[in-house]
Amino acid sequence: MDKLFEILTHMAPEEALSEITKALGRLLQDLDTDARERFLMNLIEQSEGDKVAGMVHL
């Protein structure tokens, strides 16, 4: 994981996200429906804290 993070930090943010998207797409294809759904739900749950914190400052 450290090697991957090191590689990504040397890229422009847009390029890093593009590469992550490609890799994630390939990985998600290999998962069954339940595992893919769990992953996506975890991703959504992790981002909700930021939305709530951002709304406090409105």
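Residues numbered from 1 in each chain as written. Predicted model: local features only at pLDDT ≥ 70, side-chain atom pairs only at ≥ 80, totals over all residues. Heavy atoms only, no water.

1. Notes on the overall build of the chain
The test is simple: Helix and strand assignments follow DSSP, with helices taken as H or I runs no shorter than four residues and strands as E runs no shorter than two, numbered in order from the N terminus.
Tallying secondary structure elements over the chain gives 3 helices and 0 strands in all. For the chain, the succession of helices and strands along the chain, N to C, is α-α-α.

2. Let's talk about the layout of surface pockets
What counts here: The method works on a 1 Å grid over the protein atoms by themselves. A cavity is a set of points holding a 1.4 Å probe that cannot get out, a pocket is an open set with protein on both sides within 12 Å along at least five of seven lines, and residues with an atom within 4 Å of a point line them. Grid points are joined across faces, edges and corners, and a volume is the space filled by probe spheres set on the points. Polar here means any residue outside two lists: the nonpolar Ala, Val, Leu, Ile, Met, Phe, Trp, Tyr, Cys and Pro, and the charged Asp, Glu, Lys and Arg; Gly therefore counts as polar.
Quantified by volume, the largest pocket comes out at close to 310 Å³. What lines the largest pocket is simply M1, L4, F5, I7, L8, M11, E19, I20, A23, L24 and L27. Mapped by element, the contributors of at least two residues to the lining of the largest pocket are helix 1 (2-9) and helix 2 (13-30). Taken together, the residues that form the lining of the largest pocket break down as 10 nonpolar, no polar and 1 charged.

3. Some points on the pattern of salt bridges
Opposite charge on two side chains makes pairing possible when the charged atoms of those side chains draw close. Just so we agree on the cut-off: Should a side-chain nitrogen of Lys or Arg be within 4 Å of a carboxyl oxygen of Asp or Glu, the pair is scored as a salt bridge. Working definition: with a 1.4 Å probe on protein chains only, accessible area under 20% of the residue-type maximum means buried, over 50% means exposed, and in between means partly exposed.
Taken as a whole and assessed by the stated rule, the structure comprises 1 salt bridge. Of the charged contacts, one joins E19 and K22 as a salt bridge, the two residues approaching to 3.2 Å between their closest N and O atoms. Residue E19 and its partner K22 are both found in helix 2; the two are separated by 3 residues, about one turn of the helix. Assessed through its relative accessible area of 32%, E19 is described here as partly exposed.

4. Side note on the environment of L8
Just so we agree on the cut-off: Contact definition: two residues touch when any of their heavy atoms are within 4.5 Å.
Tracing the chain through its elements places L8 in helix 1. For L8, a relative accessible area of 18% translates into the label buried. L8 sits 11 residues away from E19 along the chain, and the two C-alpha atoms are 8.6 Å apart. When near neighbours in sequence (up to four residues on either side) are disregarded, L8 contacts A16 and I20.

5. Side note on a nonpolar patch on the surface
As a reminder, the rule being used: Patch membership requires more than 30% relative accessible area and the absence of a salt bridge. Residues of like charge join within 9 Å; the nonpolar side chains Val, Leu, Ile, Met, Phe, Trp and Tyr join within 5 Å. Note on areas: Shrake-Rupley with a 1.4 Å probe; residue coverage comes only from the protein chains shown.
A contiguous nonpolar patch, built from L31, F39, L40 and L43 and spanning about 300 Å² of accessible area, is present on the exposed surface. Mapped onto the elements, L40 comes out in helix 3 (residues 33-56).

6. Here's the deal with the confidence of the model for the chain
Quick reminder of the rule: Confidence of the predictor in every single residue is expressed as pLDDT, which spans 0 to 100.
For the chain, per-residue confidence averages 85 on the pLDDT scale, and 83% of positions sit at 70 or higher. Put simply, helix 3 is where the chain has its lowest mean pLDDT, 78, and helix 2 is where it has its highest, 93.

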